[in-house]
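Okay, here's what each chain looks like letter by letter:
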Amino acid sequence: MSGQAVAFAVEELPWPPSVNDVFLPSVVQDAGPWVTKFTLMVWLAVALIIVFFLATYRAPKLVPTKGQWLAESVYSFIRDGVGRDVIGKEGIKFAPYLTTLFLFVLVTNIFGIIPLLQISPNAHIAFPAVLAVLSYVLFNYLGIRKHGLGRYLKMNLIPDAPVAMLPLLIPIEFFSTFILRPLTLALRLFANMFAGHMLLLVFTVGGFVLLGTNNILTQSVSLVSFAMAIILTLFEVIVALLQAYVFAILTASYVQGALADEH
Amino acid sequence: MTDGQPPKRPDDAAGANMGWTAVGYLLAGMAVWGFVGWLVDQWLKWEGIATAIGIIVGMALAIYLIVRKLGV
C-alpha cells in the first residue's frame, strides 16, 4: 500500500529535468510572459540592493556600524579591485556602475540557492543577454566618445602588422571585439547558472525518484544523491560569487580597452 | 599603500584579461576563417577540405595576432 503511494508520488515529480524548467509560467493570469517568478525576482533584487545601500548609508559614521562596514567593503572592493586596477585612474568614476552590476548579478545568482526562490533569473538567457548588451553599449559609447568613430574603429580593427596581413587579420579582430565579446559575456553567466540549476535538480529530484523505487539498494543510493545536492549547493555559492566578479571585471576590461590610448 | 609607492603586486586582473583576450582571438580566428572555408566548400563542393584549411589558417592567424598584441 505505502509502496504504491510512494510510486504514485514519484510519477508526480518533475523528472527528468529539462530546458523547460527555466521557462516559467506567468504568475498573473493572462499577463503573458511579462510577470513571471523571474521578473518578480529581478524587482526583488533591485529593491534589496537599493534598500541595503539606503539603510547602511543613511547616517554614515566615522566609526562604521556593521552594515555600513559591509556596504563600504563591497564598494571599495569593486572600486579598487576592479575599477582602479583594471581601468586605471579613470576607473574610479565607473565604480558605481560596476558595483551595481556586480551586486545585481551576485544577488540574482544567489537566488538560485535560496529556499523557495531556488532558481536564478540568470539561468534564462534573456537576463544575461540584457546585461551584456548594457556593457556592450557602454564600452562602445565610451570609446567612440573619447576617440571618435573613425579612430575608435581603427584602433580596434587594425592591428600593428604588415599591410599584406591586414585583410586576413581584420575579420578576426572584428569578430572577436564586436561579436564574440558580448556573446561570451552573456553565455558564460547564463551557462554557469543554467548548469548549476540543472545539477541541483538532478541530484535533489533524482534523490526523491530513487527513494520512491521499490528496491532497498536503489533507495539507499538516494543518500548519496542528497549528499551531492548539499555539496553542490555550497559549490553554487562559489560559482555565484565568481561569475558576478568575472562579469564586472570583464566589463571593466572592455571599458579599459575602449578608453586606452593607441597601443 | 600608505608609503606613497605604487603597489607592486602582480596584476591578477590584467593576467586574466590577457587570457580571455587570447581565447577570444583563437575562437574568432577559427570561426571567421572556418566559416569562409565552409562557404568555399558549399561553392566548389570540396566536402569539408576548405573548412579544415580555413580553421587551421584561422588558428595560425589568431596565434600571430596574439603574439603581436600580447607578446612582450
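Analysis parameters
Residues numbered from 1 in each chain as written. Chains lettered and ligands numbered in written order. Predicted model: local features only at pLDDT ≥ 70, side-chain atom pairs only at ≥ 80, totals over all residues. Helix = DSSP H or I, 4+ residues; strand = E, 2+ residues; numbered from the N terminus. Rg over C-alpha atoms; globule rule 2.2 N^0.38 Å. Buried ≥ 20, exposed ≤ 12 C-beta atoms within 10 Å, placed from the backbone. Contact = placed C-beta atoms within 7 Å. Nonpolar A, V, L, I, M, F, W, Y, C, P; charged D, E, K, R; others polar. Axes fitted to C-alpha atoms, helices over the stretch in contact; angles between N-to-C directions. Left-handed = near helix turned anticlockwise from the far one by under 90°. pLDDT = per-residue confidence, 0-100. Core = buried A, V, L, I, M, F, W, Y, C linked by C-beta atoms within 7 Å. Expected span 1.5 Å × (residues − 1). Arc of directions from axis to C-beta.

Engineer: Quick one: what's the story with the overall build of chain A, residue by residue and with numbers?
Structural biologist: Scanning chain A from N- to C-terminus turns up eight helices and zero strands. Each helix (α) and strand (β) of chain A, taken in turn from the N terminus, gives the series α-α-α-α-α-α-α-α. Against the compact-globule benchmark of 18 Å for 263 residues, chain A has a radius of gyration of 23 Å, which places it well outside the compact range. Referenced to the eigenvectors of the C-alpha coordinate spread, the extents of chain A come out at roughly 80 × 60 × 40 Å.

Engineer: Kindly report on the overall build of chain B, identifying the contributing residues and their values.
Structural biologist: Of regular secondary structure, chain B possesses two helices and zero strands. Residues counted as buried form 25% of the 72 residues belonging to chain B.

Engineer: How would you summarise the interface of chain A and chain B if you had to cite specific residues and measurements?
Structural biologist: Listed per partner, the contact involves 16 residues of chain A and 17 residues of chain B. Breaking the side of chain A that touches chain B down by element, the ones donating at least two residues are α3 (66-87), α7 (166-211) and α8 (216-259) of chain A. In terms of residue count, α7(A) provides more of the side of chain A that touches chain B than any other element does, eight residues in total. Partitioning the side of chain A that touches chain B into residue classes produces eleven nonpolar, three polar and two charged.

Engineer: Which residues make up the packing of helix α5 (residues 126-147) of chain A against helix α6 (residues 149-157) of chain A, and what values do they have?
Structural biologist: All names here are of chain A. At a minimum axis separation of 7 Å, α5 and α6 run at an interaxial angle of 115 degrees. Where α5 crosses over α6, the two elements pack in a sense that is right-handed. Between α5 and α6, the residues in contact are Gly143, Ile144 and His147 and Leu149, Arg151, Tyr152 and Met155, respectively. Tallied by class, residues from the contact of α5 with α6 come to four nonpolar, two polar and one charged.

Engineer: Tell me about the environment of A:Thr233, and name the residues and values.
Structural biologist: Residues and elements named next belong to chain A. Relative to the elements of secondary structure, threonine 233 occurs in helix α8. Accessibility expressed as a C-beta count within 10 Å gives 16 for threonine 233, which makes it partly exposed. The spatial distance from the C-alpha of threonine 233 to the C-alpha of aspartate 80 is 30 Å, given a sequence separation of 153 residues. Excluding anything up to four places from it in sequence, threonine 233 contacts Ile113 and Leu200.

Engineer: I'd like a rundown of unusual backbone geometry, residues and numbers included.
Structural biologist: Backbone phi values are negative for most residues with the exception of glycine, while trans is the configuration of most peptide bonds. For A:Gln118, which is not glycine, the phi torsion reads 55 degrees and is therefore positive. The partly exposed category is assigned to A:Gln118, around which 14 C-beta atoms lie within 10 Å. In this structure, B:Glu47 is a non-glycine residue whose phi angle is positive, near 55 degrees. When the 8 C-beta atoms within 10 Å are taken as the criterion, B:Glu47 is described as exposed.

Engineer: Run through the confidence of the model for chain B, naming residues and quoting values.
Structural biologist: Residue and element names in this part refer to chain B. Considering every residue of chain B, the mean pLDDT works out to 82; 78% of them sit at 70 or more. Throughout residues 5-10 the model reports pLDDT below 50, and contacts reaching past four residues in sequence, or to other chains, amount to one contact. For this predicted complex, the interface score ipTM comes out at 0.78, while the overall pTM is 0.85.

Engineer: Could you give me a rundown of the nonpolar core, with the residues and numbers involved?
Structural biologist: Counting residues in hydrophobic clusters, the biggest one holds 42 residues, and the most contacted among them are A:Leu98, A:Phe102, A:Val105, A:Phe247, A:Ala248 and A:Ala252. Considering each element in turn, this core owes the most residues, ten residues, to α8(A).

Engineer: Give a detailed account of helix α2 (residues 37-57) of chain A, specifying residues and quantitative values.
Structural biologist: Residues and elements named next belong to chain A. For α2, built from 21 residues, the straight-helix expectation of 30 Å at 1.5 Å per residue is met to within 8% by its first-to-last C-alpha distance of 30 Å. Within the sequence span of α2, burial applies to Phe38, Met41, Ala45 and Thr56. Mapping the buried residues of α2 onto a view down its axis gives an arc of 55 degrees, with all of them on the same face. Pointing more than 90 degrees away from the buried face of α2 are the exposed residues Trp43, Ala47, Ile50, Val51, Leu54 and Ala55. Tucked into the core, α2 has its buried residues touching α3 and α4 (95-110).

Engineer: Outline the environment of B:Leu27, listing residues and values.
Structural biologist: Structurally, the position occupied by B:Leu27 is in helix α1 (residues 12-44). Once the C-alpha coordinates of B:Leu27 and B:Leu44 are considered, the two residues, 17 residues apart in sequence, prove to be 25 Å apart.

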